[in-house]
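The chain contents come next:
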Amino acid sequence: QVQLVESGGGLVQPGGSLGLSCAASGSIFSIEVMRWYRQAPGKQREFVADISDLGTNYANSVKGRFTTSRDKTKNTVYLQMNRLNFEDTAVYYCNADVKSARLGTTRTYWGQGTQITVSS
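Residues numbered from 1 in each chain as written. Predicted model: local features only at pLDDT ≥ 70, side-chain atom pairs only at ≥ 80, totals over all residues. Heavy atoms only, no water.

S.K.: So, the side chain of S100: which residues are in play, and what are the values?
M.R.: Mapped onto the fold, S100 is located in strand β9 (residues 90-100). Those residues in contact with S100, other than ones at most four positions away along the chain, are Q1, S27, F29 and T105. (Helix = DSSP H or I, 4+ residues; strand = E, 2+ residues; numbered from the N terminus. Contact = heavy atoms within 4.5 Å.)

Written out as structure tokens, the structure is:
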């Protein structure tokens, strides 16, 4: 009953910037934390960033280059990516720990993923 829809993927040159968004909709009572992961070809899915009422966390590989933020009124999380390099090429996924308004339980939902390609 909860869906996460991502947008903003695409092709960018090395050193460039790109912004992603992920909007949650459905029977939402509250969202406790929203996260970003990515998976490059031949590699395992890895943590990128998260945001909650406790603040933000970043993987060392993106710290200082990526910034995550959220708009609670829109149930949306953003990822601003700067100084992109070839190693940032991956499918990026958002997820969220959502308390269902209908069920009263909390579980993790995943977005569909969006491709980021860094190429010259």
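More follows now that the structure is in view.
S.K.: Give a detailed account of the sheet that holds strand β3 (residues 18-26), specifying residues and quantitative values.
M.R.: Within the open sheet, the four strands sit side by side as β1-β3-β8-β7. Their pairing is antiparallel. With one partner strand each, in any of the chains shown, β1 (2-7) and β7 (66-71) form the two edges of the open sheet. Adjacent strand axes in the sheet meet at a mean angle of 15° when their direction is disregarded. Both β1 and β3 contribute to a ladder of six bridges, which runs antiparallel. Paired with V5 across the strands is A23, a residue of β3. (Pairing = 2+ DSSP bridges. Axes fitted to C-alpha atoms, helices over the stretch in contact; angles between N-to-C directions.)

S.K.: Mind laying out the packing of aromatic side chains, listing which residues take part and the relevant values?
M.R.: The full count for this structure, using the stated rule, is three aromatic pairs. Here Y37 and F47 contribute two aromatic rings whose centre-to-centre distance is 5.8 Å and whose plane-to-plane angle is 80°, an arrangement assigned as edge-to-face. Taken together, the residues Y37 in strand β4 (residues 28-39) and F47 in strand β5 (residues 46-52) connect sequence positions ten residues apart. By relative accessible area, F47 is classed as partly exposed at 27%. Members of the aromatic cluster, joined through ring pairs, are Y37, F47, Y93 and W110. Of note, R45 hangs over the ring of Y93, and the distance from its end group to the ring centre comes to 4.0 Å. The ring of Y109 carries the charged tip of R107 above its face, separated from the ring centre by 4.4 Å. (Phe/Tyr/Trp six-rings, centres within 6.5 Å; stacked < 30°, edge-to-face > 60°. Buried < 20%, exposed > 50% of the residue type's maximum accessible area, 1.4 Å probe, protein only. Lys NZ or Arg CZ within 6 Å of the ring centre and 35° of its normal.)

S.K.: Describe the state of the cysteines, with residues and values.
M.R.: Formally, a disulfide is one covalent bond, and it connects the sulfur atom of one cysteine to the sulfur atom of another. With the rule as written, the count across this model stands at one disulfide. Between the sulfur of C22 and that of C94 lies a disulfide, 1.9 Å long from S to S. On the sign convention where negative means left-handed, the S-S torsion of about 55° between C22 and C94 marks this disulfide as right-handed. With a gap of 72 residues between them, C22 in strand β3 and C94 in strand β9 connect regions that are remote in the sequence. For C22, a relative accessible area of 0% gives the class buried. (Disulfide = S-S within 2.5 Å.)

S.K.: Quick rundown of the nonpolar core? Include the residues and the values.
M.R.: One finds W36, V48, F66, L79, M81 and Y92 to be the most contacted residues of the largest nonpolar core, which totals 31 residues. Sorting the residues of this core by element identifies β1, β3, β4, β5, β8 (76-81), β9 and β11 (114-118) as the ones contributing at least two each. Among the elements that take part in this core, β9 stands out by supplying five residues, more than any other. Leave out the neighbours within four places in its chain, and F66 touches R38, V48, Y58, L79, Q80, M81, N82, L84, D88 and Y92. (Core = buried A, V, L, I, M, F, W, Y, C linked by side-chain atoms within 4.5 Å.)

S.K.: Please give an account of the pairing of β7 that cites residues and values.
M.R.: The side chains of a regular strand alternate between the sheet's two faces. Relative to β8, β7 is paired through six bridges, and the arrangement is antiparallel. Along β8, the bridge assignment pairs T68 with L79. A loop of four residues connects β7 with β8, the two strands running antiparallel in sequence, and N75 in this loop sits at a positive phi of about 50°.

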